[in-house]
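Given next are the chains, with one letter for each unit.
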There are 10 protein chains.
Amino acid sequence: MMTKADVTEMIMEKKRAGGTTWAEIANMAGLGEVFVTSACLGMNSLPRDVAEKVATGLGLPQEAAVVLAEYPKKMFDQAVPTDPCIYRLYEIVGVYGETMKELIQEKGGDGIMSAIDFDMQIEKIPNEKGDRIEVTMSGKFLPYRSW
Amino acid sequence: MMTKADVTEMIMEKKRAGGTTWAEIANMAGLGEVFVTSACLGMNSLPRDVAEKVATGLGLPQEAAVVLAEYPKKMFDQAVPTDPCIYRLYEIVGVYGETMKELIQEKGGDGIMSAIDFDMQIEKIPNEKGDRIEVTMSGKFLPYRSW
Amino acid sequence: MMTKADVTEMIMEKKRAGGTTWAEIANMAGLGEVFVTSACLGMNSLPRDVAEKVATGLGLPQEAAVVLAEYPKKMFDQAVPTDPCIYRLYEIVGVYGETMKELIQEKGGDGIMSAIDFDMQIEKIPNEKGDRIEVTMSGKFLPYRSW
Amino acid sequence: MMTKADVTEMIMEKKRAGGTTWAEIANMAGLGEVFVTSACLGMNSLPRDVAEKVATGLGLPQEAAVVLAEYPKKMFDQAVPTDPCIYRLYEIVGVYGETMKELIQEKGGDGIMSAIDFDMQIEKIPNEKGDRIEVTMSGKFLPYRSW
Amino acid sequence: MMTKADVTEMIMEKKRAGGTTWAEIANMAGLGEVFVTSACLGMNSLPRDVAEKVATGLGLPQEAAVVLAEYPKKMFDQAVPTDPCIYRLYEIVGVYGETMKELIQEKGGDGIMSAIDFDMQIEKIPNEKGDRIEVTMSGKFLPYRSW
Amino acid sequence: MMTKADVTEMIMEKKRAGGTTWAEIANMAGLGEVFVTSACLGMNSLPRDVAEKVATGLGLPQEAAVVLAEYPKKMFDQAVPTDPCIYRLYEIVGVYGETMKELIQEKGGDGIMSAIDFDMQIEKIPNEKGDRIEVTMSGKFLPYRSW
Amino acid sequence: MMTKADVTEMIMEKKRAGGTTWAEIANMAGLGEVFVTSACLGMNSLPRDVAEKVATGLGLPQEAAVVLAEYPKKMFDQAVPTDPCIYRLYEIVGVYGETMKELIQEKGGDGIMSAIDFDMQIEKIPNEKGDRIEVTMSGKFLPYRSW
Amino acid sequence: MMTKADVTEMIMEKKRAGGTTWAEIANMAGLGEVFVTSACLGMNSLPRDVAEKVATGLGLPQEAAVVLAEYPKKMFDQAVPTDPCIYRLYEIVGVYGETMKELIQEKGGDGIMSAIDFDMQIEKIPNEKGDRIEVTMSGKFLPYRSW
Amino acid sequence: MMTKADVTEMIMEKKRAGGTTWAEIANMAGLGEVFVTSACLGMNSLPRDVAEKVATGLGLPQEAAVVLAEYPKKMFDQAVPTDPCIYRLYEIVGVYGETMKELIQEKGGDGIMSAIDFDMQIEKIPNEKGDRIEVTMSGKFLPYRSW
Amino acid sequence: MMTKADVTEMIMEKKRAGGTTWAEIANMAGLGEVFVTSACLGMNSLPRDVAEKVATGLGLPQEAAVVLAEYPKKMFDQAVPTDPCIYRLYEIVGVYGETMKELIQEKGGDGIMSAIDFDMQIEKIPNEKGDRIEVTMSGKFLPYRSW
């Protein structure tokens, strides 16, 4: 039975062979780079029609579109990630997590930023002292409520 | 010996008593909210003159300014944070970490976004379907190099 | 500086001395038992006026009302709880978690039940084969979305 | 030797191919959705005659009915689940576990809610501010006893 | 506020000073040794009248009886115990756990032995090849049920 | 090379096919149920002649008898077991471990109950309030000694 | 209430002040260095008369002798020790553990070396290529038995 | 590519088929039992000529000698071993580790016993009260030094 | 799809068959030993032209060069490494980590040594008291900054 | 009883009050910066006469010199360090650990670099593209040996 991991491997093989970029795959999908990449890595589900566009665009078998549209089980095995690029993000949460909570709650009251009703953009910003990566996250503010 | 934890508690007491906000403390400091809050929570060091402005502004003893200017040991005891507001940030790294790595590296080559040469802003954006929290991170791109 | 743990201990002392029940404290608050109990245990914040009613009703010092109204940092130290009563709840999530995900998503599409926009009731239901505990949880369905 | 994991995969394949829902499989079984789904996922055993109805209804080989009726070893590998939908349930136990224990014991005396003599229902409740998921659990109250 | 740990320490001090045995304390209580010892160690609650007999018998302050009768939070911090005497018990569960499950379920069907509706005796049995410790546990069989 | 896990799987297949019980296999062996079951699950070694009786009785290949007689490496991967039937046993050690140590040592002096020179019986005891499982463990008392 | 940790600290203070060695304390006790040191560190109990000799010899209060004679709870908090001197011993178990099991069982049959009926000596052996530490352990062979 | 694990399995198969003992294999090698066994289990490297003698003596393919001579990566997956025979060794380090450090350092100054420049013997010593296992370890004393 | 692990295995096989050293492979690459070895072990990416030289020099298939040039996911599975050679390095970080931080920050102000803009050399230095290994690390100093 | 942690705190207080640097303290000691700093942080022992020079130079009580000369127990509590400056060093061990092992063993045969007979220097090297930190480690090569 074809799994999301199988489809991710197929896509990685297409990328290696054809030099296709995530930006191009996002273009096929007509959706944002972060969302489409995460779906191709098995961490989100594509709407069925978008899945078909991606499968067709990359020349994947028909079942791959079905799989891309299935709801994923989001598993991350490393509680503390080891890859330096991902660890830096984890470290930011460790170092700034309480700060972020203080400021989110000062601005909105007791509540959280949703990670479900959520989107993100990632850009490289040219800079003469060294280029920078800019990450923009936007999540719905969800207030706790009394009952 | 006065510690950063002692100073954080003093600041929290001032905030409780006087209703002072992080925004007002950042104002005293003349620096950004995220940075000043993280320094008051013991996760960053303030430049000495900034530390004095904060200590004076809040009516803290003189030694508190020295402590705010000392280099912190950044400890976060929970490998997986339990507070829902902070966990959601951790979850974003878990779910989107590999996606972020793919896109950072597609845009910049093999490398990482620095968590040291780094800054962050947090805003609440009014929205009729429910207000949103927007987090913007910017970190220098550091390429791996061959040697 | 008075902490939420201090206030919890004060309330437990009042309960021991006076035999006050959680039901009676919820009554003072005019809110539900689960919510009020969780706030008294330091896991939720009471609206300021409700906090004052509880503090007055139990004969706590004025600062306790301020503390009950502060936004909590929700910490649970045991990733796997050891108390049998709490472990059984953890076990239910372990045994039925994937089942619950399958059914939530079959009914609502790819998404989750919110633990923030959430409420819960707990009742004892008399039963001649042995009384039963009934727990009812209600959380807003939050769909993942494409972007 | 055919395992419960093998049977789960067969059922998932049937669902993908035929669009069968858990509700329809529960219907074949003549039992509740939560119980039947958990048995199909390998976390409970179906009575032998029910297992045969499910195997026949889905067109599975005869041995699958034997396997569905075998007593499972209930393994959950992630002490802290990472899938957001399941994590929220875990978080509820973390945040409200002590509250639930306080109230169960206030209502019934020193004891627990059984996770064995136990049942659960899950419904989606339409709501104009956003649909809600309602989970109802019922477990026998088991008192500790002196001896 | 006097805690169960405080009362345990008082009892240990009485035992050290007076050479009182657990058997004698169980005698004061009129209940079994295992149950009374576990309650004195803070892992079970004594019925109120029994608690008073123990407190009086040992010359403890009146509040100690209240505390002995309170419902405990059962915490065991070492997931894997290190004391050799306790580790051997843990090892028995590790080595024989699946065996015990196989036999409990062969004898009773799919179900468990309750650890709540449960009692235990411990005896030393003289034996010329070396004395033996005999532990007898009895727990209600709880069958899983379909619903 | 045939492993103990291979032999366990063979035995489980015979049990599924022929409805053989552990009691019947223990009968073939002429030894107790707990011991024989644990050896069939790979956690103990059968004496060579007993191993041959079991292999013959179940119709296993000759090498299986050799394997059943080999000394096992006793591995249990879950430090905290998740199956409810096994977890309850673990919980008993967690809740009553210190109690058991206190009583073993009050009766025998500083020492332990051996888990090596050890045996166990498991019975289902009919009871009108609900059948009970009775577990009897007997281990040699091993005193610590000075040197 | 005086604990074993308190007595250990008293002994360490005496050692620091008076330059007393473990060898001298073992001499006072009339028992071996390893055993006496381990008892002074709280990991074994001294016979009552030996405890009195040690307490008198070191000038400790009378209660210290009672405490040295009490049965310890053996706790070691670091599952993996970090001190290099202790880690090397742990590493030897990790690297040679299976080898030791193979040889113990080749020589004695299925069984173990007891850590309870056990003694140990530690000597420094002069050697012109660099002195060596020699550790000799002797434990009773305990065979598994069938039942 | 043939691995050390492959060679270990080959040797175990030869031992099962031919009843060869570790003592006989050590004899083929002309080196000590502990060292040769550990090398056959993949935890040490044999000198090339010794490896050839072992491979020839056991009738292994030529590549096995190459593999036995390769430098191992010493992996032990269980931080806390579960096999009772190996756990007892781990327990000895836990219970006596600090004692051993105290005595090594009292005899030699601040330093450690090397686990690299190290050897070990294991013998069974007949004893009428029950045979004993004697383990002798010898490691070079490595002093810390100032610089 | 050929992975970095596949290529590492190919290289190890070439080394075993041909006796090629890391120094020779570094020579083919025209880069340093540490960097080239780490890339061959899958922990760094080689520039494309360098990867081709290595693949050609070792007689690997063309796809191997593509794989060697891909950006790695740096995974290290053991939080605490067990191999003695690697553990010593980990221990140095544990023992000297805070020291290194103190000195790096005394020399450069609040900041870190980059592990990305980083290089390392390893040499064996002959010494009549026993040869020494010399490791030299150089990483860019990255100061924290206020914003 | 004065502990190494007490002495570390005294030294940190002197540094805060008097602006003394580690370089100056190393000067008082007449030994290297890394070694002296690590001893002041409680991770190494100073020779007695050196300890007295440091205590005198910093104006510490006499007992502090005794404590600085005592052999430490090297404890590092965080298996994975969180401070970014220390984490980078840990990451280097994770990423390059196997590489370092390969090269140490290629240059010296099967063996390790000692962390005991070991020294280290840390320098800041001015560089117009950004200053660099240079760390040089030197440890005795310890070969494994056959026996």
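Please read these numbers as outputs of a predicted model, since none were measured by experiment.

Rules and cut-offs
- Residues numbered from 1 in each chain as written.
- Chains lettered and ligands numbered in written order.
- Predicted model: local features only at pLDDT ≥ 70, side-chain atom pairs only at ≥ 80, totals over all residues.
- Heavy atoms only, no water.
- Least-squares fit on C-alpha atoms with pLDDT ≥ 70 in both.
- Contact = heavy atoms within 4.5 Å.
- 1 Å grid on protein atoms, 1.4 Å probe; cavity = no way out; pocket = protein on both sides within 12 Å on 5 of 7 lines; lining within 4 Å.
- Points joined across faces, edges and corners; volume = space filled by probe spheres on them.
- Helix = DSSP H or I, 4+ residues; strand = E, 2+ residues; numbered from the N terminus.
- Nonpolar A, V, L, I, M, F, W, Y, C, P; charged D, E, K, R; others polar.
- Buried < 20%, exposed > 50% of the residue type's maximum accessible area, 1.4 Å probe, protein only.
- Pairing = 2+ DSSP bridges.
- UniProt positions renumbered as here; feature names shortened; annotations may be inferred.
- Polar contact = N/O pair within 3.5 Å; in protein donor to acceptor, adjacent residues only side chain to side chain.
- Axes fitted to C-alpha atoms, helices over the stretch in contact; angles between N-to-C directions.
- Parallel < 35°, antiparallel > 145°, perpendicular 65-115°, else oblique.
- Left-handed = near helix turned anticlockwise from the far one by under 90°.
- Expected span 1.5 Å × (residues − 1).
- Arc of directions from axis to C-beta.

## Notes on the relation of the copies chain I and chain J
Part 1: Rotating chain I by 180° about the axis while translating it 0.0 Å along that axis superimposes it on chain J, leaving an RMSD of 0.0 Å. Such values leave the two copies arranged in the relation of a two-fold axis. If distances are taken from each C-alpha of chain I to the rotation axis, the shortest is found for Thr 136 of chain I, at 2.1 Å.
Part 2: Looking at the interface residues of chain I, 100% of them are also at the interface in chain J, so both copies use one shared face.

## Side note on empty space enclosed by the protein
Part 1: Its volume calculated, the largest cavity comes out at about 100 Å³.
Part 2: Surrounding the largest cavity, Leu 89, Ile 92, Val 93, Met 100 and Met 137 of chain E together with Leu 89, Ile 92, Val 93, Met 100 and Met 137 of chain F form its lining.
Part 3: Sorting the residues of the lining of the largest cavity by element identifies α6 (84-108) of chain E together with α6 (84-108) of chain F as the ones contributing at least two each.
Part 4: Grouping the amino acids of the lining of the largest cavity by side-chain chemistry returns 10 nonpolar, no polar and no charged.

## Things to note about the pairing of strand β2 (residues 132-143) of chain D
Part 1: Of all 12 residues making up β2 of chain D, 10 are buried, and the element is well covered by its neighbours.
Part 2: Bridge analysis of strand β2 (residues 132-143) of chain C against β2 of chain D gives 9 bridges, and the strand direction is antiparallel. Among the inter-strand pairings, Glu 134 of chain C is bridged to a residue of β2 of chain D, identified as Ser 138 of chain D.
Part 3: Where strand β1 (residues 111-125) of chain D lies against β2 of chain D, 11 bridges are found, and the strand directions are antiparallel.

## A word on the UniProt feature "domain: Cyanate lyase C-terminal" (unreviewed entry) in chain A
Part 1: UniProt feature "domain: Cyanate lyase C-terminal" (unreviewed entry): in the numbering of this structure it lies at residues 75-147 of chain A.
Part 2: Measuring from the first to the last C-alpha atom of residues 75-147 of chain A gives 33 Å, for a span that is 34% helix and 37% strand.

## A word on the side chain of Glu 91 of chain J
Part 1: Among the secondary structure elements, Glu 91 of chain J is positioned in helix α6 (residues 84-108).
Part 2: Within the structure, the side chain of Glu 91 of chain J is placed 2.7 Å from the side chain of Arg 88 of chain A, a separation counted as a polar contact.

## A word on the packing of helix α1 (residues 4-18) of chain A against helix α5 (residues 62-69) of chain A
Residue and element names in this part refer to chain A.
Part 1: Two elements in contact, α1 and α5, have axes separated by 9 Å at closest approach and are oriented at 120°. By the angle class used here, α1 and α5 are oblique. Handedness of the α1/α5 crossing: left-handed. Facing Lys 4, Val 7 and Ile 11 of α1, the residues of α5 in contact are Ala 64, Val 67 and Leu 68.
Part 2: Taken together, the residues of the contact of α1 with α5 break down into 5 nonpolar, no polar and 1 charged.

## Description of helix α1 (residues 4-18) of chain H
Part 1: Counted at 1.5 Å a residue, the expected span for α1 of chain H with its 15 residues is 21 Å, and the 21 Å between its end C-alpha atoms agrees.
Part 2: Residues of α1 of chain H that are buried include every one of Lys 4, Val 7, Thr 8, Ile 11, Lys 15 and Arg 16 of chain H, and no others.

## Description of the environment of Asp 119 of chain A
Part 1: As for its position among the elements, Asp 119 of chain A is in strand β1 (residues 111-125).
Part 2: Between the C-alpha atom of Asp 119 of chain A and that of Thr 136 of chain A, which follows or precedes it by 17 residues, the distance is 8.3 Å.
Part 3: Setting aside chain neighbours within four positions, we find Asp 119 of chain A in contact with Thr 136, Met 137 and Ser 138 of chain A, Arg 132 of chain B together with Arg 145 and Trp 147 of chain C.
Part 4: One polar contact links Asp 119 of chain A to Arg 145 of chain C, side chain to side chain, over a distance of 2.8 Å.

## Considerations on helix α2 (residues 22-29) of chain C
All names here are of chain C.
Part 1: Among all positions of α2, only Trp 22, Ile 25, Ala 26 and Ala 29 are buried. What you see down the axis of α2 is that its buried residues fit within an arc of 100°, all on one side.
Part 2: Immediately beyond the C-terminal end of α2, within one or two residues, lies Gly 30, with a positive phi of roughly 75°.

## Concerning the UniProt feature "active site" (unreviewed entry) in chain A
Part 1: Following the UniProt record, one finds the feature "active site" (unreviewed entry) at Arg 88, Glu 91 and Ser 114 of chain A.
Part 2: By the element assignment, Arg 88 of chain A lies in helix α6 (residues 84-108).
Part 3: When near neighbours in sequence (up to four residues on either side) are disregarded, Arg 88 of chain A contacts Ile 112, Met 113 and Ala 115 of chain B, Ala 115 and Ile 116 of chain I together with Tyr 87, Arg 88 and Glu 91 of chain J.
Part 4: Non-local contacts of Glu 91 of chain A, meaning those with residues more than four positions away in its chain, are made with Phe 76, Ala 115 and Ile 116 of chain B together with Pro 84 and Arg 88 of chain J.

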